[in-house]
Amino acid sequence: MSLKKFLTSRAFLISLLLAIVILAASLALTMNRIKSYTHHGIAYNVPDLSGLTLDEAGAKAEETFLKIEVMDSIYNKNAAPGTIVDQNPKWNKRVKEGRVIFVTMNSMEPEKVKVPKLTDISFRQAQVLLENSGLLIDSIIYQPSEYNDLVLSVQQDSTEIEEGDRLLRGSSVRLVVGQSKGNMETMLPQLVGMFIDDAKAKITDARLNLGAVLYDKSITTQDDSLNARVWKQMPDADLVRKVYLGSSVDIWLTVDDEKLINNEIQQ
């Protein structure tokens, strides 16, 4: 039989069709096994682990075939010690089985930091060093001195703080700063519209102190207080340009957009 007749024969065509069917079945079976092995298409929602201990989070993650690994620890005074304060991936994200969730734990004890050398340098230098150390400026007191704007001493709760002392990260200190004659006033910053943290920073930068913080009736929850903005200040920056160094600035806070808009229009 010639090759041409063989290729067009019924026996060859049946054999070819059978080979194609077997190959297709083999491929389908192989792909199915691969999908089963890799859990192709199966994903799980990442659970919300915030506020849980490591053991509680591990048990919850196992329910969705996920794993937990501690990535970092911080100290957050608003969270319970030894609980999770952050996670990656975030909750409700869809991930494959076996994915590791990296968590940040809240330390059992507040972290302490060393106080840098803050005296005999300018206020601005001391401010930068404090920020880099994780400390805050609670207030500023000015004393007559031949050395203007020089930090004379550092205090916390009326106790003098020395270089090398250890304080809780995030705690505040009072700076006693020298003031020579002829350098008594500073520009009063405009704070209206600012969030409280931004207003505090602006007040400190101007060598002033935060006075009373007053919340209106629109603020009823913790989230409200975090999202509140300044709608009034005293002294009023629209009426007073300069104030004495170390003066206090009172602020009023609200989440009432109408009150903020009306105040902006009046300005």
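The structure under discussion appears in the preceding block.
All values derive from a computational prediction rather than experimental measurement. (Residues numbered from 1 in each chain as written. Predicted model: local features only at pLDDT ≥ 70, side-chain atom pairs only at ≥ 80, totals over all residues. Heavy atoms only, no water.)

A.B. asks: Let's hear about the sheet that holds strand β2 (residues 67-74): which residues, and what values?
C.D. replies: Spatial strand order, β2-β5-β3: 3 strands in an open sheet with mixed pairing. Whereas interior strands pair on both sides, the edge strands pair on one side only; in this sheet they are β2 and β3 (84-88). Averaged over neighbouring strand pairs, the angle between their axes works out to 30° when direction is ignored. For β2 and strand β5 (residues 100-106), the ladder comprises 7 bridges, and the chain directions are parallel. For I74, the partnering residue across the bridge sits in β5 and is N106. Helix α3 (residues 54-62) rests against β2, β3 and β5 of the sheet, and its axis sits at about 150° to β2. (Pairing = 2+ DSSP bridges. Helix = DSSP H or I, 4+ residues; strand = E, 2+ residues; numbered from the N terminus. Axes fitted to C-alpha atoms, helices over the stretch in contact; angles between N-to-C directions. Contact = heavy atoms within 4.5 Å.)

A.B. asks: How would you sum up the sheet that holds strand β9 (residues 159-160)? Please name residues and give values.
C.D. replies: The 4 strands lie next to each other as β7-β11-β8-β9, forming an open sheet whose pairing is mixed. Edge positions in the sheet fall to β7 (136-144) and β9, since each has one partner strand and no second. Sheet analysis places strand β8 (residues 151-156) next to β9, joined by 2 bridges and oriented antiparallel. Across the sheet, the residue bridging to Q155 is E160, located in β9. Where helix α4 (residues 123-133) meets the sheet, it contacts β7, β8 and β11 (172-179), and its direction lies at approximately 170° from that of β11.

A.B. asks: An account of the side chain of N209 is requested, with residue identities and associated values reported.
C.D. replies: When you line up the elements, N209 lands in strand β13 (residues 209-215). There is a polar contact of 2.6 Å between the side chain of N209 and the backbone nitrogen of I140. A polar contact of 3.0 Å, which involves the side chain of N209, links it to the backbone oxygen of G246. (Polar contact = N/O pair within 3.5 Å; in protein donor to acceptor, adjacent residues only side chain to side chain.)

A.B. asks: Break down the layout of surface pockets for me, citing the residues and quoting the values.
C.D. replies: Leftover empty space is mapped by rolling, across the atoms, a probe with the size of a water molecule. Computed from the structure, the largest pocket encloses a volume of approximately 800 Å³. For the largest pocket, the lining is made up of 28 residues, of which L136, I137, I196, D197 and K200 are closest to its centre. Those elements giving two or more residues to the lining of the largest pocket turn out to be α4, β7, α5 (196-205), β13 and α6 (222-227). For the lining of the largest pocket, the element with the highest residue contribution is α5, accounting for 7 residues. Empty space within the second largest pocket amounts to approximately 350 Å³. The wall of the second largest pocket is formed by 13 residues, among which Y75, K77, R169, G170 and S171 lie closest to the centre. (1 Å grid on protein atoms, 1.4 Å probe; cavity = no way out; pocket = protein on both sides within 12 Å on 5 of 7 lines; lining within 4 Å. Points joined across faces, edges and corners; volume = space filled by probe spheres on them.)

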